[in-house]
Amino acid sequence: MIKRLATWAAAIAAIALVTLAGRAAGLNATAVGFVYLIVVLFVSVWGDLLVGTVSAVVATLCYNFFFFAPLYTFTIAEPANWFALAAFLISSVTANRLVVAARTLAQKAEQRRNEIETLYALSVELFAAALGDAAARALRSLGARGGGLVLFDGSPQRQTVVSWSGEKPDEIEELIAGVGWHKEPVEFGADVYLPLFVGGETTGVLVARGATASKKSLESAARLVALAVEREHFIEENAHMQALRESEALKTSLLRAISHDLTTPITAVTIRTESLRRRAENDRDLLGDVGAIAEETARLRRRIDNLLAMARLEAGKAEPHPEPTPPADLFRAARENLPLVFAARPVTLHVDADCPDANVDPSLALEILVNLLENAHRVSPPGAPVELVAQRLDKATMRIEVRDRGPGVPQTADVAQRGLGLEIARSLAAANGGGIALEPRAGGGTVARIDLPAADDVIVDVQ
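Residues numbered from 1 in each chain as written. Predicted model: local features only at pLDDT ≥ 70, side-chain atom pairs only at ≥ 80, totals over all residues. Heavy atoms only, no water.

What follows deals with the side chain of Asp404. Within the secondary structure layout, Asp404 lies in the loop between strand S10 (397-403) and helix H12 (415-418). Here Asp404 is in contact with Ala376, Val379, Ser380, Pro385, Arg441, Gly444, Gly445 and Thr446, once residues within four sequence places are set aside. (Helix = DSSP H or I, 4+ residues; strand = E, 2+ residues; numbered from the N terminus. Contact = heavy atoms within 4.5 Å.)

The next point concerns the sheet that holds strand S9 (residues 386-394). With mixed pairing, the five strands of this open sheet are ordered in space as S7-S9-S10-S12-S11. With one partner strand each, in any of the chains shown, strand S7 (347-351) and strand S11 (435-440) form the two edges of the open sheet. If you compare each strand with its neighbour and ignore which way they point, the axes differ by 20 degrees on average. As judged from the seven bridges shared by S10 and strand S12 (residues 446-453), these two strands associate in the antiparallel manner. (Pairing = 2+ DSSP bridges. Axes fitted to C-alpha atoms, helices over the stretch in contact; angles between N-to-C directions.)

Our focus in this paragraph is the packing of helix H9 (residues 327-337) against helix H11 (residues 362-379). The N-to-C vectors of H9 and H11 enclose an angle of 60 degrees; their axes lie 10 Å apart at closest approach. Here H11 runs oblique to H9, going by the angle between their axes. Between H9 and H11 lies a crossing whose hand is right-handed. Listed contacts from H11 to Leu330, Phe331, Ala333, Ala334 and Asn337 of H9 are Pro362, Ala365, Leu366, Leu369, Val370 and Leu373. Grouping the amino acids of the contact of H9 with H11 by side-chain chemistry returns ten nonpolar, one polar and no charged. (Parallel < 35°, antiparallel > 145°, perpendicular 65-115°, else oblique. Left-handed = near helix turned anticlockwise from the far one by under 90°. Nonpolar A, V, L, I, M, F, W, Y, C, P; charged D, E, K, R; others polar.)

Moving on, we get to a nonpolar patch on the surface. On the surface, a nonpolar cluster with roughly 210 Å² of combined accessible area is contributed by Leu50, Val54 and Val58. Position of Val54 relative to the elements: it lies in helix H3 (residues 49-67). What makes Val54 partly exposed here is its relative accessible area of 31%. (Patch = residues over 30% accessible without salt bridge, like charges linked within 9 Å, V, L, I, M, F, W, Y side chains within 5 Å. Areas by Shrake-Rupley, 256 points an atom, 1.4 Å probe, with all protein chains shown as cover. Salt bridge = Lys/Arg side-chain N within 4 Å of Asp/Glu carboxyl O. Buried < 20%, exposed > 50% of the residue type's maximum accessible area, 1.4 Å probe, protein only.)

This part is about the pattern of salt bridges. For the coordinates displayed, the defined rule picks out ten salt bridges. Of the charged contacts in the structure, one is a salt bridge between Arg145 and Asp191, with a shortest N-O distance of 3.8 Å. Linking Arg145 in the loop between helix H5 (131-141) and strand S1 (146-152) with Asp191 in strand S4 (residues 191-198), this pair joins segments that are 46 residues apart in sequence. Assessed through its relative accessible area of 6%, Asp191 is described here as buried. Note that Glu401 and Arg403 form a salt bridge whose closest N and O atoms lie 2.8 Å from each other. With a relative accessible area of 4%, Glu401 lands in the buried category. A relative accessible area of 21% places Arg403 in the partly exposed class. One salt-bridge network, in which partners are shared between bridges, spans Glu387, Glu401, Arg403, Arg441 and Arg449.

Once that is clear, we can look at the nonpolar core. Within the largest apolar cluster, 40 residues are counted, with the highest numbers of intra-cluster contacts made by Leu369, Leu372, Leu373 and Val402. Tallying contributions element by element places H11 first for this core, with nine residues. In this structure Leu372 touches Val402, Leu422, Ala425, Ile436, Ala448 and Ile450, once residues within four positions along its chain are discounted. Membership of the second largest hydrophobic core comes to 21 residues, among which are Leu194, Leu196, Ala213 and Val229. (Core = buried A, V, L, I, M, F, W, Y, C linked by side-chain atoms within 4.5 Å.)

Per the stated rule, a full pass over the model turns up zero aromatic pairs. The ring of Trp164 has Lys168 sitting right over it, with the charged end atom 5.5 Å from the ring centre. (Phe/Tyr/Trp six-rings, centres within 6.5 Å; stacked < 30°, edge-to-face > 60°. Lys NZ or Arg CZ within 6 Å of the ring centre and 35° of its normal.)

Tracing the backbone through its elements, the reader meets Leu373 in helix H11. The residues touching Leu373, leaving out its near neighbours within four places in the chain, are Ala334, Leu338, Phe342, Val386, Leu388 and Val402.

This part takes up the pairing of S4. Put simply, side chains in a regular strand alternate between the two faces of the sheet. Judged by how many residues are buried, S4 sits mostly within the fold: seven of eight residues are covered. Pairing between strand S3 (residues 186-188) and S4: three bridges, direction antiparallel. The partner of Val186 across the bridge, within S4, is Tyr193. Connecting S3 to the next strand, S4, in antiparallel fashion are two residues, including Gly189 with a positive phi near 70 degrees. Relative to strand S5 (residues 201-209), S4 runs antiparallel, the two being bridged by eight bridges.

To continue, consider unusual backbone geometry. With a phi angle near 60 degrees, Lys183 is a residue other than glycine that sits in the positive phi range. Along the chain, Lys183 turns up in the loop between helix H6 (171-182) and S3. Exposure remark for Lys183: the relative accessible area of 34% places this residue in the partly exposed category.

What follows is about the pairing of S12. Sheet analysis places S11 next to S12, joined by six bridges and oriented antiparallel. Bridging across to S12, Leu438 finds its partner in Ala448. Hairpin remark: S11 followed by S12, antiparallel, with five residues in the connecting loop; positive phi at Gly443, about 85 degrees.

Let us now look at the environment of Ala14. For Ala14, the position within the fold is in helix H1 (residues 2-25). Assessed through its relative accessible area of 24%, Ala14 is described here as partly exposed. Between the C-alpha atoms of Ala14 and Val40, which are 26 residues apart in sequence, the distance is 9.0 Å.

If you walk across this open sheet you meet the five strands as S2-S1-S5-S4-S3, and the pairing is antiparallel. The two strands at the open ends of the sheet, each matched to only one other strand, are strand S2 (159-165) and S3. Pairwise comparison of adjacent strand axes, ignoring direction, gives a mean angle of 20 degrees for this sheet. Relative to the sheet, H5 contacts S1, S2 and S5, its axis offset from that of S1 by approximately 145 degrees.

Right, dumping it as structure tokens:
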């Protein structure tokens, strides 16, 4: 206010000084007109548009009153002086407007330059400093008196405040949630709420309370913050993926090392068992024990072979080679691999007439079936039947079911209680593009369902 009053006083004083000096020096009207014009230009540069315009009008009136005959009146005797006075007024007002416009453009250019420098500094800080600190400094640089950065945890209703300064009224959370849902900037009084987009989704909101910067600058800052948020997410995901890769590599190495170390003693046990079997031909009790040892040794060897196969598949050293495989062939191969199981209990086989072949790696599919059969045999009461059924699930999928009369589906996430065979079967099924599910069986027991890709339709009728 004081500066504005000083500008008005200086403008009036300058016009009065020119008038007095011109009269005292006896200057002609042309010379005085140029001096008046210079004064109006200086006033326009120093003051605003209103001050410059009023100064131009006052200078015109003084010019007429003191320097055009008849003097000390607002009457002009010569017509040519009318044109001179009009030209002076038009020149003064036009020059005033041009000066003010140029000064306004210069101020805007300076403001824009400062905003660009702020955004550049923000871009450097966002990729060098912590996300919250950089966002807070950016808001301060853009003239915001408060606000901050709020990110969403899957939904605009679940908000995480990364940084905040100043007051935070309760209604701000609702405004932030609304911006998140509608994905549009919102101006609420002097506050601006800017959504942050990452991958087409709103991941948060940048709140600038009472910012003096332009809306475009604030939107540019929001885009930079969104890029920084995306970078943070990428770094986190990359670290997580790196940890998973290292974990998988460690697991694969351990599996290979353990499997390798166990192969030698199991081979020795197998040789000693066969030797013991030959010496125990006449002792039925001992022969039964030797047979049980041989069965468990063979099962342990299969587990080790399965673990090695899993390690090779997960390490990318091997890959499945799918081919049309009739389910009846898988059933016969399972009988050959598990003679003691088929001898210990009734195992019924059934293949629906419209069941297609499985498009799988035969050796891996056999291991899946053998592991599930062993599980069913292990949990079923002595003499209880186990059923193998193959059927069409849909046009692209066939299903094999292993049905037992055991205690039912294990309600646990513990691999030791569910059985290593089941986990191996799941892994091998996934490698073949299929999956395994366990369901309770009507009347008691479990149904292990193996869903596998179907090959071309082949009608098989095998019992």
